[in-house]
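Examination of the molecular architecture
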2 protein chains.
Amino acid sequence: MPEHTVKAYSEELEALSSEVARMGGIAESAFSDSLAAVVRRDTRLAREVVARDEKIDEAQREIEHRAIRLMALRHPYANDLRQVLSAWRIGIDLERVGDLAKNIAKRTKVINEFDPIDLTQSIESMGKFASIQLKAVLDAYSSRDAKAAVGVWSHDEDIDRHYNALFRELLTYMMEDPRTIGPCAHLLFVAKNIERIGDHCTNIAEQVHYLVTGEELIRDRPKRGDVAAAPPAGEP
Amino acid sequence: MPEHTVKAYSEELEALSSEVARMGGIAESAFSDSLAAVVRRDTRLAREVVARDEKIDEAQREIEHRAIRLMALRHPYANDLRQVLSAWRIGIDLERVGDLAKNIAKRTKVINEFDPIDLTQSIESMGKFASIQLKAVLDAYSSRDAKAAVGVWSHDEDIDRHYNALFRELLTYMMEDPRTIGPCAHLLFVAKNIERIGDHCTNIAEQVHYLVTGEELIRDRPKRGDVAAAPPAGEP
């Protein structure tokens, strides 16, 4: 390849990577704002998060567009191909993080129509944990740090533990006071959405590991499913 | 291109397309079996569906692998590029359909530990509707029928309507008899998973439309979100 072509090529790869980092930043704020909205019962902020989701979708399309162009024109292989593929896949995961944040925000608008429920702290601490995971995995991507990615990956179980505790807590609230069933049902989904954002952090961690080392993390790490979190049959 | 290369190329494209159709078939059975498991309270079938998910994941990796190879070696463009991209993207959607079916099956195992709840018919009719959508969109893919894809796409609202009705119904059950809160919470997620399978049918329909016509369906069709389905604040 002539030198200017090589330069343009590596610049395109870098631009792709920056676009992923930029998108990561937008998804991160959307998520933390959606959490702030639910914790502070801030309907206006919730509306803002919903409106901002279009920017995240646009960023994903832009990444895909760049990735396709790179593959079509540059025929990347080995490390370069991994850069293109991981950017593409991380874009897909971040788009879903954005969707989940939007969904939390939408539910917040409904939850705020009911009387407040004293679950703020549990949601807040679970959300904070997931936010830290998201930030950590985006940092791992930017610094191409496979070890940090493995760290995020292995912490996913902690989010699941938070989720299972919250699931039980919500069910208890509903049983104690049936008037809370409506808002608690929405909070169940908020908790689930946070847990799923944790799953996407794990996916991104796998991509970072693949990008840096060329190797896949083992997919089927043991995972505590929330479906085991139901109170035993017959319990009130 | 020499003739034998052209032939091999078009055979690879066809093989990719067949792999998508095959994967679609597996995802379809997984989904209908997960529905049968929940409706018939069949824990053994639920376990089978969970175990089978690995096959769907494998199929997705195979499709991605073929798509990457085609892009790297054949540099497809125009219609060929659309074939590769749509197969890749449909593979991602089908993998999630498989995940959602697995999740329905996992929850079925828990739900079956409780006394039966008389919601079978609502779940069954919603599930049947989503199954028909999935079959229709896979047929549209196989026959490259953009009009049929638009049909699926525009019926997604009907699944949302089903879901909203079921959401309300479940909340009513929980309010009437707090002992049903545990299983109903899991059924809420079953219903949500069916609704999300409907969303993936819509995504696949968009891909079929793009594949056949080269044009995107408008993304932001008005959608009734389940978040509007809460009973008004204060309702018992």
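Residues numbered from 1 in each chain as written. Chains lettered and ligands numbered in written order. Predicted model: local features only at pLDDT ≥ 70, side-chain atom pairs only at ≥ 80, totals over all residues. Heavy atoms only, no water.

A look at the overall build of chain A
Summing up its helical and strand segments, chain A has seven helices and zero strands in all. Across chain A, helices and strands are ordered from the amino to the carboxyl terminus as α-α-α-α-α-α-α. Taken along the three principal axes of its C-alpha coordinates, chain A extends 70 × 40 × 25 Å. Within chain A, the fraction of its 236 residues that count as buried is 55%. Put simply, of all contacts in chain A between residues at least 6 apart along the chain, 84% involve residues at least 24 apart. Entry remark: accessible area of chain A is about 10200 Å², with carbon and sulfur atoms responsible for 51%. Treating the 32 positive side-chain charges of chain A as one cloud and the 40 negative ones as another, the clouds have centres 2 Å apart. (Helix = DSSP H or I, 4+ residues; strand = E, 2+ residues; numbered from the N terminus. Buried < 20%, exposed > 50% of the residue type's maximum accessible area, 1.4 Å probe, protein only. Contact = heavy atoms within 4.5 Å. Areas by Shrake-Rupley, 256 points an atom, 1.4 Å probe, with all protein chains shown as cover. Lys, Arg positive; Asp, Glu negative; His and termini not counted. Charge placed at Lys NZ, Arg CZ, Asp CG, Glu CD.)

Quick notes on the packing of aromatic side chains
Enumeration over the complete set of coordinates arrives at six aromatic pairs over all chains. Ring geometry for tryptophan 88 of chain A and tryptophan 88 of chain B: centres 4.3 Å apart, planes at 40 degrees, overall tilted. With tryptophan 88 of chain A in helix α3 (residues 78–111) and tryptophan 88 of chain B in helix α3 (residues 78–111), this pair bridges two chains. For the pair tryptophan 88 of chain A and tryptophan 88 of chain B, a shared accessibility class is recorded, and that class is buried. Linked through ring pairs, Tyr163, Phe167 and Phe189 of chain A together with Tyr163, Phe167 and Phe189 of chain B together constitute an aromatic cluster. Over the face of the ring belonging to tyrosine 141 of chain A we find arginine 144 of chain A, whose NZ or CZ atom lies 4.5 Å from the ring centre. (Phe/Tyr/Trp six-rings, centres within 6.5 Å; stacked < 30°, edge-to-face > 60°. Lys NZ or Arg CZ within 6 Å of the ring centre and 35° of its normal.)

As for the packing of helix α1 (residues 3–40) of chain A against helix α4 (residues 120–142) of chain A
All names here are of chain A. Between α1 and α4, whose axes approach to 10 Å, the crossing angle comes to 175 degrees. On the basis of their axis angle, the class for α1 and α4 is roughly antiparallel. Taking contact as the criterion, the partners of Ser17, Val20, Ala21, Gly24, Ala27, Glu28, Phe31, Leu35, Val38 and Val39 in α1 are, on α4, Thr120, Ile123, Glu124, Gly127, Lys128, Ala130, Ser131, Leu134, Lys135, Leu138, Tyr141 and Ser142. Across the contact of α1 with α4, the residue classes break down as twelve nonpolar, six polar and four charged. (Axes fitted to C-alpha atoms, helices over the stretch in contact; angles between N-to-C directions. Parallel < 35°, antiparallel > 145°, perpendicular 65-115°, else oblique. Nonpolar A, V, L, I, M, F, W, Y, C, P; charged D, E, K, R; others polar.)

Let's talk about the confidence of the model for chain A
The predicted model of chain A averages 91 in pLDDT, with 92% of residues at 70 or higher. Confidence drops under pLDDT 50 across residues 222–236 of chain A; counting only partners more than four residues distant or on other chains, this segment forms 36 contacts. (pLDDT = per-residue confidence, 0-100.)

Structural notes on the packing of helix α7 (residues 181–213) of chain A against helix α7 (residues 181–213) of chain B
Packed helices, taken two at a time, are described by the angle their axes make and the gap between the axes. Closest axis-to-axis distance for the α7 of chain A/α7 of chain B pair is 12 Å, and the angle between their directions is 55 degrees. Here α7 of chain A lies oblique to α7 of chain B, going by the angle between them. Handedness of the crossing formed by α7 of chain A with α7 of chain B: right-handed. Where α7 of chain A abuts α7 of chain B, its residues Ile181, Ala185, Leu188, Phe189, Lys192 and Arg196 of chain A lie against Ile181, Ala185, Leu188, Phe189, Lys192 and Arg196 of chain B. The class makeup of the residues in the contact of α7 of chain A with α7 of chain B is eight nonpolar, no polar and four charged. (Left-handed = near helix turned anticlockwise from the far one by under 90°.)

Structural notes on the side chain of histidine 209 of chain A
Residue and element names in this part refer to chain A. When you line up the elements, histidine 209 lands in helix α7. A relative accessible area of 12% places histidine 209 in the buried class. Among residues more than four places away in sequence, those in contact with histidine 209 are Ala146, Ala149, Val150, Gly214, Glu215, Glu216 and Leu217.

A few points about α7 of chain B
All names here are of chain B. Across its 33 residues, α7 extends 48 Å between first and last C-alpha, which sits within 8% of the 48 Å expected from 1.5 Å per residue. With respect to burial, α7 is a largely interior element, 29 of its 33 residues being buried. Just past α7, the residue glycine 214 takes up positive phi, approximately 80 degrees. (Expected span 1.5 Å × (residues − 1).)

Structural notes on the environment of isoleucine 194 of chain B
Along the chain, isoleucine 194 of chain B turns up in helix α7. When sequence neighbours within four positions are dropped, the list of residues in contact with isoleucine 194 of chain B reads Phe31, Leu35, Ile104, Ile123, Met126, Gly127 and Ala130 of chain B.

Section: empty space enclosed by the protein
Inspection of every chain in the model, using the stated rule, returns one cavity of 30 Å³ or more. Counted as a void, the largest cavity has a volume near 50 Å³. Lining the largest cavity are Glu64, Trp88, Arg89 and Ile92 of chain A together with Glu64, Trp88, Arg89 and Ile92 of chain B. Among the elements of the structure, α3 of chain A together with α3 of chain B are those that each provide at least two residues to the lining of the largest cavity. Counted by class, the lining of the largest cavity contains four nonpolar, no polar and four charged residues. (1 Å grid on protein atoms, 1.4 Å probe; cavity = no way out; pocket = protein on both sides within 12 Å on 5 of 7 lines; lining within 4 Å. Points joined across faces, edges and corners; volume = space filled by probe spheres on them.)

Focus: α4 of chain A
All names here are of chain A. Taking 1.5 Å of rise per residue, 23 residues should cover 33 Å, and α4 covers 32 Å from first to last C-alpha, within 8% of that figure. Along α4, the positions that sit buried rather than exposed are Ser122, Ile123, Met126, Gly127, Ala130, Gln133, Leu134, Val137, Leu138, Ala140 and Tyr141. Those residues of α4 hidden inside the fold are in contact with α1, α3, α5 (146–154), α6 (156–176) and α7. Immediately beyond the C-terminal end of α4, within one or two residues, lies arginine 144, with a positive phi of roughly 50 degrees.

Description of the environment of serine 10 of chain B
Here serine 10 of chain B is to be found in helix α1 (residues 3–39). In sequence terms serine 10 of chain B and aspartate 199 of chain B are 189 residues apart; their C-alpha atoms lie 31 Å from each other.

Structural notes on unusual backbone geometry
Residue and element names in this part refer to chain A. The backbone of arginine 41 sits at a positive phi, close to 55 degrees, despite the residue not being glycine. On the basis of relative accessibility, which here comes to 31%, the residue arginine 41 falls in the partly exposed class. Of note in the backbone geometry, arginine 144 takes a positive phi value of approximately 50 degrees without being a glycine. With respect to the helices, strands and loops of the structure, arginine 144 is situated in the loop between α4 and α5. Overall, the relative accessible area of 27% leaves arginine 144 in the partly exposed class.

Considerations on the pattern of salt bridges
For the coordinates displayed, the defined rule picks out 26 salt bridges over all chains. With a closest N to O distance of 2.5 Å, aspartate 158 of chain A and arginine 161 of chain A form a salt bridge. Placement of the pair is aspartate 158 of chain A and arginine 161 of chain A together in helix α6, with a separation of three residues, close to one helical turn. On the accessibility criterion, arginine 161 of chain A (40% relative accessible area) is partly exposed. Among the salt bridges present, the one from aspartate 177 of chain B reaches arginine 179 of chain B, with a minimum N-O distance of 3.1 Å. Within this structure, Asp33, Glu48 and Arg52 of chain A form a network of salt bridges that share partners. (Salt bridge = Lys/Arg side-chain N within 4 Å of Asp/Glu carboxyl O.)

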